[in-house]
Amino acid sequence: MTRRLVIVGSGIAGLYAALLATDAATEGGRDIEVVLLSKGTLEQSNTFYAQGGVSAVLAPEDAAPGDSVAAHIADTLAAGAGLNDAEAVRVLCTEAVRDIAGLGRYGVQFDAGPGGGPALGLEAAHSAPRILHAGGDATGACIARGLVAAVLERAVLDRAGHGRLRVETSAFVTGLLTEPAAMTEELAEALPAELPQPGSTPPAPARVTGVAFLAGGRPQKLAADAVLLTTGGAGRLFARTSNPSVATADGLALAWRAGAAVRDLEFFQFHPTTLAAEEVPGGPPALLISEAVRGEGAVLLDAAGYRFMPDYHPDAELAPRDVVSRSITLHLAATGAAPDSPVYLDARGLEAERGAGFLARRFPTITAATRAAGYDWTTETVPVSPAAHYWMGGVCTDLRGRTSVPGLYAAGEVARTGAQGANRLASNSLLEGLVFGRRAVEDFLRAPVPATDWPAPADGDFHPGSPVTSPPAETPRTGATGAAGAVEVPFSRAALGRLMTAAAGVTRTGADLDAAAAQLAQWGTVLEGRGLAGLDQAGHEDRNLLLAAELLVAAARQRTHSIGAHYRADNAATPAFTHSMQRISS
């Protein structure tokens, strides 16, 4: 009997997982079908826009002198403010070399250094150069193109009757098909002993049995033995983001509505250096100027030409991303500049030190993009601002990619594996998609997993249907600025982005989060009242974004101290001695 794995999303985790599953089925003679669904084209993902690279400690002959897997683990834990799952970090860092080799199997080649070995870059919060890059600063695009080509090759073979992979683009998943699981004695024992609602009965968790999706605007259904979510992040929650237009929290929303637990949603990373320019409607997202530029020696200046980062952190421009973004915000406030003012990236010294043409050779994509925007960064500074970049939180998974809902896996940015903690170490995201995407596939290939072997939500979680955090009853509805008493604003993505940036962006306060929660609840009532009948893809994305915003704000309200990427300006000095292990389930 054929077993079917449906993979939703075509970033690095989804493409790599589809290839591994297809090849394993073909080489092992297994009766398995893999279906890859992408809401846009296969190249429309966060992966395609990743510039910096993939972090990995290679074999001793290829690694930087003195570097080690233990050092990579330590750096990852330090960046995550100690809120990581130590075993997930160990898996991520020790298995990295295996999946770098796996990329080579699918035609991905990394840049070589002068001696012929891999060129290794240094990025913020890494203690040694260990960043592999391709095409200079086009790593994500090179990886995506290589994996897409391999996927399409196998899909063509499938149509000829020789392969096991089916690909559908412009296929937007609107829901997960589920059926109730039988309540066995073993399953009852696996559920939390204490329930958040006294006297309530724990429901038997649903099992995912397929997906509902729009294909060319027409509703379709597809049965599956398991579904792997690899849908990426949710940068479109905010007014400025490095994420493309497809990053609308679809996977998180799908999992939540199916009953999956989520965790650490308050931790959203803002990349400190994106080009300070208006995004063109329908065009690419804000240009990310890679951390690798600062790793090479570029510095940040304020409008007066003062280099301010050494005043905020001993590592200056190479401090963790949350520190650099927050320092920019605090420095603008300290100097009386408007909150949306840019600071300036100065890479002129690199050209002087390394010779004419260095920036164009090392960073060809950024050089071309800044030139197209009217800047010659070899001779002038470039205005930059923080932008929403990566969500550390997501759908809770174990080390095999299993969520709390039987039949549902998650990998990549949509998942919360525990590897990232409160703040992601630079260039660990592509690596996480590779390692845990592979592990999810390996788990699926072993054998069907009984419902009792899927991780149950932790004690104290909300069970399906429980409230998360209700907005304060007396909080006035807010406008786009998040200020109490503002004129009520109808829902739009622009209004949502302004609200989230003001209330849940780089810095936060309890009052702003409370007001945002009230506004989001009001918008949610309006959108839910419209129903699902006839809803198009944009309408479903709106619902997904709004749900994700409500969950993020709820998590941020519950964590009242500052840690990692979550900065409470009203309680910034409160130390976080323990991790609350905060989890929320629907």
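Sequence order as written defines the numbering, with residues in each chain counted from 1. Thresholds applied to this predicted model are a pLDDT of at least 70 for local features of residues and 80 or more for the giving and counting of side-chain atom pairs; totals over whole chains, interfaces and linings are not thresholded and use all residues. In computing side-chain properties, one takes all heavy atoms of the structure into account and sets aside hydrogens as well as water.

(A) Up close: the sheet that holds strand β3 (residues 54–55). Paired strands, in this sense, are two strands between which DSSP finds at least two bridges. Under the scheme used here, helices are H or I runs from DSSP no shorter than 4 residues and strands are E runs no shorter than 2 residues, and both carry numbers assigned from the N terminus. Taking strand neighbours across the sheet as the criterion, the three strands line up as β3-β5-β4 in an open arrangement whose pairing is antiparallel. Bordering the open sheet on either side are β3 and β4 (120–121), each of which pairs with just one other strand. Relative to strand β5 (residues 131–132), β3 is paired through two bridges, and the arrangement is antiparallel. Bridging across to β5, Ser55 finds its partner in Ile131.

(B) Representation of the pattern of salt bridges within the structure. For this analysis, a salt bridge means a side-chain nitrogen from Lys or Arg found within 4 Å of a carboxyl oxygen belonging to Asp or Glu. Per the stated rule, a full pass over the model turns up 35 salt bridges. We note a salt bridge from Arg130 to Asp75, for which the minimum N-O separation is 2.8 Å. Residue Arg130 is found in the loop between β4 and β5, and its partner Asp75 is found in helix α3 (residues 69–79); the two are separated by 55 residues along the sequence. A simple rule labels every residue: compare its accessible area, found with a 1.4 Å probe on the protein chains alone, to the largest value its type can have, and call it buried under 20%, exposed over 50%, or partly exposed in between. Residue Arg130 is classed as buried on the basis of its relative accessible area, which comes to 0%. Between Glu153 and Arg154 there is a salt bridge, and its shortest N-O distance comes to 3.8 Å. Here the residues in one salt-bridge network are Glu95, Arg98, Asp99, Arg438, Arg439 and Glu442, joined through shared partners.

(C) Expanded view of the confidence of the model for the chain. Think of pLDDT as the predictor's per-residue confidence, scored from 0 to 100. Put simply, the chain has an average pLDDT of 88, and 87% of its residues get 70 or more. Any two residues having at least one pair of non-hydrogen atoms within 4.5 Å are treated as being in contact. A low-confidence stretch, residues 190–202 (pLDDT under 50), is modelled with 22 contacts involving residues beyond four sequence positions or located in other chains. The low-confidence segment residues 475–485, where pLDDT is below 50, has 31 contacts with residues more than four positions distant or belonging to other chains.

(D) Summary view of the nonpolar core. For our purposes a nonpolar core is just a set of buried Ala, Val, Leu, Ile, Met, Phe, Trp, Tyr and Cys residues, chained together by side-chain atoms within 4.5 Å. Counting residues in hydrophobic clusters, the biggest one holds 63 residues, and the most contacted among them are Val211, Val227, Leu237 and Leu496. Counting residues per element, this core draws most heavily on helix α17 (residues 537–558), which supplies ten residues. Beyond its immediate sequence surroundings of up to four residues, Val211 is in contact with Val6, Val8, Leu37, Val173, Gly175, Leu176, Leu177, Gln220, Lys221, Leu222 and Val227. Among the nonpolar cores identified, the runner-up in size contains 53 residues, and Leu165, Ala226, Leu434 and Val441 belong to it.

(E) Here's a closer look at the packing of aromatic side chains. In this analysis, rings of Phe, Tyr and Trp, with Trp reduced to its six-membered ring, are considered paired at centre separations within 6.5 Å, and the interplanar angle assigns stacked below 30 degrees, edge-to-face beyond 60, and tilted for intermediate values. In the structure shown here, the tally under the stated rule is ten aromatic pairs. A centroid spacing of 5.7 Å and a plane angle of 80 degrees characterise the contact between Phe48 and Tyr49, whose relative ring orientation is edge-to-face. Taking the centre distance of 5.0 Å and the plane angle of 75 degrees together, the rings of Phe238 and Phe270 count as edge-to-face. Highlighted residues: Phe238 in the loop between β10 (226–229) and α8 (250–257) and Phe270 in strand β12 (residues 268–275), separated in sequence by 32 residues. Neither Phe238 nor Phe270 differs from the other in exposure class; each is buried. Linked through ring pairs, Phe238, Phe268, Phe270 and Trp391 together constitute an aromatic cluster. We call a charge positioned over a ring when the NZ of a Lys or the CZ of an Arg lies within 6 Å of the ring centre and within 35 degrees of the ring normal. Directly above the aromatic system of Phe358 lies the positively charged group of Arg354, at a separation of 4.8 Å from the ring centroid. Stacked on the ring of Tyr390, the Lys or Arg Arg424 has its end atom at 4.4 Å from the ring centre.

(F) Region of interest: the sheet that holds strand β17 (residues 408–410). Reading across the sheet, the five strands line up as β6-β2-β1-β10-β17 and stay open at both edges, with parallel pairing between neighbours. One side of each edge strand has no neighbouring strand; the edge strands of this open sheet are β6 (165–168) and β17. Going from strand to strand, the sheet's axes swing by 20 degrees on average, the running direction of each strand aside. Working convention: axes come from line fits to C-alpha atoms, limited for helices to the stretch in contact. Angles between N-to-C directions cover 0 to 180 degrees.

(G) Expanded view of the packing of helix α1 (residues 12–28) against helix α14 (residues 429–446). The geometry of α1 relative to α14 is characterised by a closest axis approach of 8 Å and an angle of 35 degrees between their N-to-C directions. Handedness of the α1/α14 crossing: right-handed. Residues Ile12, Ala13, Tyr16, Ala17, Leu20, Ala21 and Ala24 of α1 touch α14, and the partners they reach there are Leu430, Gly433, Leu434, Gly437, Arg438, Val441 and Leu445. Left-handed is the label given to a crossing in which the near helix is rotated counterclockwise from the far helix by less than a right angle, and right-handed is the label when the rotation is clockwise.

(H) Quick look at unusual backbone geometry. Its identity is not glycine, yet Ala249 carries a phi of approximately 65 degrees, on the positive side. Within the element layout of this structure, Ala249 appears in the loop between β10 and α8. Given the relative accessible area of 4%, Ala249 is considered buried.

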